[in-house]
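Listed here are the chains, written in short residue letters.
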Amino acid sequence: MARRARPLSAALISGALLTTSLGVGGVAAMTADAATDSGTVSHAGHVMAASTQASGDDPDGDGYIPADPPVTGVEPSDKEPPHRYFHEFQAHCSVTHTKPDDPIVYPGQPGKSHDHTFMGNTTTDADSTTASLDSGSTSCLAPGDKSGYWMPTMFNGDQPVLPVGEQTIYYKAGVTDYTSVRPFPKGLRFVVGSPMQTAEQFRDHPGFVEGWECGTSYFNVDFPKDCPTTPDTQVNIRFQAPSCWDGRYLDTPDHKSHMAYPVVKPGTNNNVCPTDHPVALPMIEFKMAFPVNGDLSGLRLASGPSYSFHYDFFNAWDDRTLKAMVDHCVVGGLQCDPRGYDQSHPEAGAVLDENYELP
């Protein structure tokens with residue numbers, strides 16, 4: 001397939017491009033980073049690739065992966081559908097493995113990344129492609145969700161702290177017109193946040209929900225100084241992803257600029273997609289729980305301090321399953337569990353059967 005004209009070269013990854021990709025509230029989130037001639041961005045002792053090398057999904061290695069077909073002719077919706085408190089469903093996925101790999105930032109380069117904790121697809125590694133994930137297996141309750149989800153590994157001293165059991169990944173409406181949300185295109189991928197962000201950039205990031213929390217301590221940029229030493233107390237974080245897509249690319253060299261956060265329409269309180277990213281997709285929200293409490297002075301992330309938290313998403317849902325969940329739960333204004341069932345609206349039924357599969 002021939003490449004379409006690109007809006008910006010791979011070298012133009014700082015300043016306005018990175019600022020635009022972060023949306024309202026994140027204007028400063030990446031401006032401290034500087035592009036180098038080697039095609040990387042560096043900050044606080046870390047380096048993140050600003051473009052990719054040749055891979056199965058990006059044969060010419062320029063970092064642009066076109067959507068095939070692209071989504072065109074879409075205008076951001078400013079409609080106000082009937083108010084519903086919820087328009088979401090949950091994916092429950094457990095940790096599968098850890099590796100110093102990142103198939104989005106460092107495709108085909110095993111061991112080049114800081115250590116990541118992987119959930120969902122059991123095969124995710126540096127060589128993962130849309131096709132390899134599609135043929136892999138998953139730790140998610142829904143067999144149709146073969147997506148890759150990963151984040152920097154947490155350490156307490158030299159010991160990894162891995163989430164135990166099912167972790168909750170929300171799929172929500174990030175825009176006021178929840179009826180305009182459509183499923184992710186297969187192969188879409190992006191990075192949320194940055195390992196190079198400062199504490200201030202982390203706090204001001206549009207994806208920041210409650211920061212690091214433990215017990216009754218919330219909205220922390222740094223790890224809480226202390227947590228109650230009780231069996232059920234854990235360190236938690238919630239962080240939201242951008243949900244507006246440009247309709248053109250499944251990935252871009254900075255792994256961000258094809259996505260944007262919703263903006264507030266002037267004169268209203270309505271969240272709408274910006275005109276250059278008009279396609280409303282589900283808003284992913286990580287809700288991770290790490291089994292550690294008490295003295296947290298030894299906590300760190302493989303990417304650096306607490307505020308270097310970020311995560312990656314690589315969509316490999318079965319198309320029919322994802323569409324059914326989005327249509328029923330998000331567009332339908334329900335609060336669904338991983339089966340697509342809302343306990344408050346039993347009359348609506350469930351999307352998936354007892355095996356979490358489409359009937």
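Bear in mind that the values here come from a model prediction, so they are computed numbers and not experimental data.

K.L.:
Help me understand the overall build of the protein chain in this model?
P.N.:
Within the protein chain one finds four helices and 25 strands. Within the protein chain, the fraction of its 359 residues that count as buried is 55%. A separation of at least 24 residues holds for 73% of the contacts in the protein chain among residues at least 6 apart in sequence. Accessible surface for the protein chain amounts to roughly 14,600 Å². Of this, 51% is attributable to carbon and sulfur atoms.

K.L.:
Just to check I follow, could you spell out the sheet that holds strand β23 (residues 299–301) for this structure?
P.N.:
Pairing between sheet strands relies on hydrogen bonds along the backbone, with the strands arranged either parallel or antiparallel. Across the sheet, which stays open at both edges, the three strands sit in the order β10-β9-β23 with antiparallel pairing between neighbours. The two strands at the open ends of the sheet, each matched to only one other strand, are β10 (159–161) and β23. Taken over all neighbouring pairs, the strand axes of this sheet differ in orientation by 40° on average, direction set aside. Of the strand pairs in this sheet, strand β9 (residues 154–156) and β23 are connected by three bridges, and their pairing is antiparallel. Each bridged residue has a counterpart across the sheet, and for Asn-156 the counterpart in β23 is Leu-299.

K.L.:
Just checking my understanding: could you explain the state of the cysteines for this structure?
P.N.:
Here a disulfide denotes a covalent bond joining the sulfur atom of one cysteine to the sulfur atom of another. Taken as a whole, this structure holds four disulfides when the rule is applied. The partner cysteine of Cys-214 in its disulfide is Cys-227, sulfur to sulfur 1.8 Å. Of this pair, Cys-214 sits in strand β13 (residues 208–214) while Cys-227 sits in the loop between β14 (217–220) and β15 (235–240), placing them 13 residues apart in sequence. According to the relative accessible area criterion, Cys-214 is buried, its value standing at 3%. Taking the relative accessible area as the measure of exposure, Cys-227 reaches 1% and is therefore buried. Here Cys-329 pairs with Cys-336 through a disulfide, and the sulfurs are 2.3 Å apart. On the sign convention where negative means left-handed, the S-S torsion of about -100° between Cys-329 and Cys-336 marks this disulfide as left-handed. Per residue, the accessibility class of Cys-329 equals that of Cys-336, and both read buried.

K.L.:
I keep staring at the sheet that holds strand β16 (residues 244–245) and nothing clicks. Help me out?
P.N.:
Pairing in this open sheet of three strands is antiparallel, and the strands run β18-β16-β21 from one edge to the other. The open sheet has two edge strands with one neighbour each: β18 (259–260) and β21 (279–280). Direction of pairing for β16 relative to β18: antiparallel, over a ladder of two bridges. Paired with Trp-245 across the two strands is Met-259, which belongs to β18.

K.L.:
How do you make sense of unusual backbone geometry when you look at a structure like this?
P.N.:
With glycine set apart, most residues show a phi of negative sign, and most peptide bonds adopt trans. Omega for the bond connecting Asp-68 with Pro-69 falls within 30 degrees of zero, at 5°, which places this linkage in the cis form. Residue Phe-219 is not a glycine yet carries a positive backbone phi of 60°. Along the chain, Phe-219 falls in strand β14. You will see that Tyr-356, though not glycine, has its phi angle at about 60°, which is positive.

Calculation criteria
- Counting restarts for each chain: residues are numbered from 1 in the order of the written sequence.
- It should be noted that, the model being predicted, local features are given only for residues of pLDDT at least 70 and side-chain atom pairs only at 80 or more, the latter also being counted only at that level, while totals for whole chains, interfaces and linings use all residues.
- Remark: hydrogens and water are excluded; side-chain values derive from all non-hydrogen atoms of the structure.
- Runs of E in the DSSP output that reach at least two residues are strands. Runs of H or I that reach at least four are helices, and both are numbered from the N terminus.
- Each residue gets one of three labels from its accessible area relative to the maximum for its type: buried under 20%, exposed over 50%, partly exposed in between, using a 1.4 Å probe on protein chains only.
- In this description, contact between two residues means that some pair of their heavy atoms is separated by no more than 4.5 Å.
- For the accessible areas, the method is Shrake-Rupley and the probe is 1.4 Å, while residue cover comes only from the protein chains on display.
- For two strands to pair, DSSP has to find at least two bridges joining them.
- Note on method: axes are straight lines fitted to C-alpha atoms, helices fitted across the in-contact stretch only, with angles between N-to-C directions ranging 0 to 180 degrees.
- Cysteine sulfurs are considered disulfide-paired once they come within 2.5 Å of each other.

The values are spatial; any link to function lies outside them.
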